[in-house]
Amino acid sequence: MPASSRRPLISGNWKMNMNHYEAIHLVQKLSYLLTKEDFEKVDVSLHPPFTDIRSIQTVLESDKLAMLLGAQNCHTDEKGAFTGEVSPAFLGKLGVKYVICGHSERRQYFGETDEFVAAKVAAVLKFDMLPIVCVGETKDEREDGTTLDRVESQVKGSLKGRTADQIAALVIAYEPIWAIGTGLTATAQDAQDVCHHIRSVIRTEWGNEASEKVRIQYGGSVKAGNVSELMAQPDIDGALVGGASIDPDEFARIVQFKLS
């Protein structure tokens with residue numbers, strides 16, 4: 001386990017994969033692969049497409065499974081004329097615990113700004129859920145040496161207006177954009193350096209207690225073969241897992257990471 005007292009969070013972001021039949025099968029297989037002892041050490045959240053959420057909620061509740069229900073996104077408003085959007089209030093009623101906010105794919109393909117992400121964070125918290133706030137740099141920004149500046153700007157902008165207590169309870173996910181779905185992974189030291197900087201930004205802006213309590217995940221081609229080295233870093237408290245999370249055997253091995 002990491003040296004800190006922060007409880008690790010392993011989150012599976014299924015993206016636009018798995019219909020509700022496939023989703024039920026995946027959750028049922030995970031329930032056989034993961035043990036009570038695993039859940040004593042690690043929190044696990046599943047983030048399926050919206051069409052799967054009710055089905056998975058039913059499975060988790062009826063089988064009394066310890067996995068937590070998550071969503072990949074939500075709108076900023078509780079209700080209104082927003083065709084095709086999903087209200088955070090609706091997600092809260094379905095027992096959703098975590099909502100991903102500002103994933104790089106949302107920022108890149110749908111034009112989400114830090115300001116819009118900040119509004120989503122506020123909406124998620126309003127309905128008693130916790131945001132997983134994503135930040136990360138492009139390949140060009142990495143090569144230009146502006147990674148830390150870019151990530152710091154995203155953290156400040158996406159969390160603007162939050163209190164220290166709110167910051168302490170939420171999750172930040174560092175996902176270098178160049179490593180998402182590419183098979184490339186930041187080295188454990190590179191990931192640690194950025195996560196340490198994120199924690200330093202939180203300390204400067206919101207204080208020591210918030211910086212010590214906030215959980216910071218790493219995401220970007222996380223696999224069973226690299227998760228232990230990543231999780232051994234002092235400022236990495238979990239993983240936001242993409243493609244590997246729809247393979248139940250691989251995802252279970254990630255959850256069951258061991259530190260030497």
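Residues numbered from 1 in each chain as written. Predicted model: local features only at pLDDT ≥ 70, side-chain atom pairs only at ≥ 80, totals over all residues. Heavy atoms only, no water.

Engineer: Could you clarify how one ought to interpret the overall build of the protein chain in this entry?
Structural biologist: In terms of regular secondary structure, the protein chain is built from 13 helices and 8 strands. Rg of the C-alpha trace for the protein chain: 17 Å, near the compact-globule value of 18 Å for 260 residues, within the 12% margin. Projected onto its principal axes, the C-alpha coordinates of the protein chain cover approximately 50 × 45 × 35 Å. The burial tally for the protein chain puts 52% of its 260 residues in the buried class. (Helix = DSSP H or I, 4+ residues; strand = E, 2+ residues; numbered from the N terminus. Rg over C-alpha atoms; globule rule 2.2 N^0.38 Å. Buried < 20%, exposed > 50% of the residue type's maximum accessible area, 1.4 Å probe, protein only.)

Engineer: What exactly am I supposed to notice about the sheet that holds strand β5 (residues 130–135) here?
Structural biologist: Backbone hydrogen bonds are what pair the strands of a sheet, in a parallel or an antiparallel way. The 8 strands lie next to each other as β1-β2-β3-β4-β5-β6-β7-β8, forming a closed barrel whose pairing is parallel. In this sheet, neighbouring strand axes are inclined to one another by 25° on average, regardless of whether the strands run parallel or antiparallel. Relative to strand β6 (residues 171–174), β5 runs parallel, the two being bridged by 4 bridges. When the sheet's bridge partners are listed, Ile 132 is paired in β6 with Val 171. (Pairing = 2+ DSSP bridges. Axes fitted to C-alpha atoms, helices over the stretch in contact; angles between N-to-C directions.)

Engineer: Got a minute to help me understand unusual backbone geometry in this structure?
Structural biologist: As a rule of thumb, non-glycine residues mostly have phi less than zero, and peptide bonds are mostly trans rather than cis. The residue Asp 128 is not glycine, and still its phi comes out positive at about 60°. Within the secondary structure, Asp 128 sits in the loop between α6 (114–126) and β5. Its identity as a non-glycine residue notwithstanding, Ser 221 has a phi of 55°, on the positive side. With respect to the secondary-structure elements, Ser 221 resides in the loop between β7 (215–219) and α12 (227–231).

Engineer: Looking at this model, I keep getting lost on the environment of Ser 104. Mind explaining?
Structural biologist: Topologically, Ser 104 is positioned in helix α5 (residues 104–110). Take Ser 104: its relative accessible area is 9%, and that puts it in the buried class. In sequence terms Ser 104 and Lys 41 are 63 residues apart; their C-alpha atoms lie 29 Å from each other. Ignoring any residue separated from it by four or fewer positions in sequence, one finds Ser 104 in contact with Ile 177 and Ile 180. (Contact = heavy atoms within 4.5 Å.)

Engineer: Where do I start with the environment of Glu 61 in this structure?
Structural biologist: Structurally, the position occupied by Glu 61 is in helix α3 (residues 50–62). Counting along the chain gives 34 residues from Glu 61 to Gly 95, while the straight-line C-alpha distance between them is 9.6 Å.

Engineer: Where do I start with the pattern of salt bridges in this structure?
Structural biologist: Pairs may arise between side chains of opposite charge once their charged atoms sit close together. Per the stated rule, a full pass over the model turns up 19 salt bridges. Residue Arg 7 is joined to Asp 43 by a salt bridge in which the shortest nitrogen-to-oxygen separation is 2.6 Å. One end of the pair, Arg 7, is in the segment before β1 (9–13); the other, Asp 43, is in strand β2 (residues 43–47), and 36 residues separate them in sequence. Residue Arg 7 is classed as partly exposed on the basis of its relative accessible area of 31%. Accessibility expressed as a relative area gives 16% for Asp 43, which makes it buried. A salt bridge links Lys 156 to Glu 152, with the nearest nitrogen and oxygen atoms 2.9 Å apart. Residue Lys 156 and its partner Glu 152 are both found in helix α8 (residues 147–158); the two are separated by 4 residues, about one turn of the helix. Given the relative accessible area of 33%, Lys 156 is considered partly exposed. (Salt bridge = Lys/Arg side-chain N within 4 Å of Asp/Glu carboxyl O.)

Engineer: I would appreciate a short explanation of the environment of Trp 206 in the present structure.
Structural biologist: Note that Trp 206 resides in helix α10 (residues 188–206). Counting along the chain gives 136 residues from Trp 206 to Gly 70, while the straight-line C-alpha distance between them is 26 Å. For Trp 206, the contacting residues outside a window of four places in its chain are Val 155, Leu 159, Arg 162, Thr 163, Ala 164, Ile 167 and Val 201. At 2.8 Å, the side chain of Trp 206 forms a polar contact with the backbone oxygen of Arg 162. (Polar contact = N/O pair within 3.5 Å; in protein donor to acceptor, adjacent residues only side chain to side chain.)

Engineer: Would you take a moment to explain the state of the cysteines for this structure?
Structural biologist: In a disulfide, the sulfur atoms of two cysteines are covalently bonded to one another. By the definition in use, this model includes 0 disulfides. Cys 134 takes part in no disulfide bond, and the closest cysteine sulfur to it belongs to Cys 101, at a distance of 8.1 Å. Looking at Cys 134, the relative accessible area reads 2%, which means it is buried. (Disulfide = S-S within 2.5 Å.)

Engineer: Explain the side chain of Ser 211 here, please?
Structural biologist: Among the secondary structure elements, Ser 211 is positioned in helix α11 (residues 208–213). The exposure class of Ser 211 is buried, given its relative accessible area of 0%. Of note is the side chain of Ser 211, whose polar atom sits 3.4 Å from the side chain of Arg 203. Polar contacts involving the side chain of Ser 211 include one to the main-chain carbonyl oxygen of Asn 208, which spans 2.8 Å. Setting aside anything within four residues of it in sequence, one finds Ser 211 in contact with Arg 6, Arg 199, Ile 202 and Arg 203.

That is the geometry; function is a separate question.
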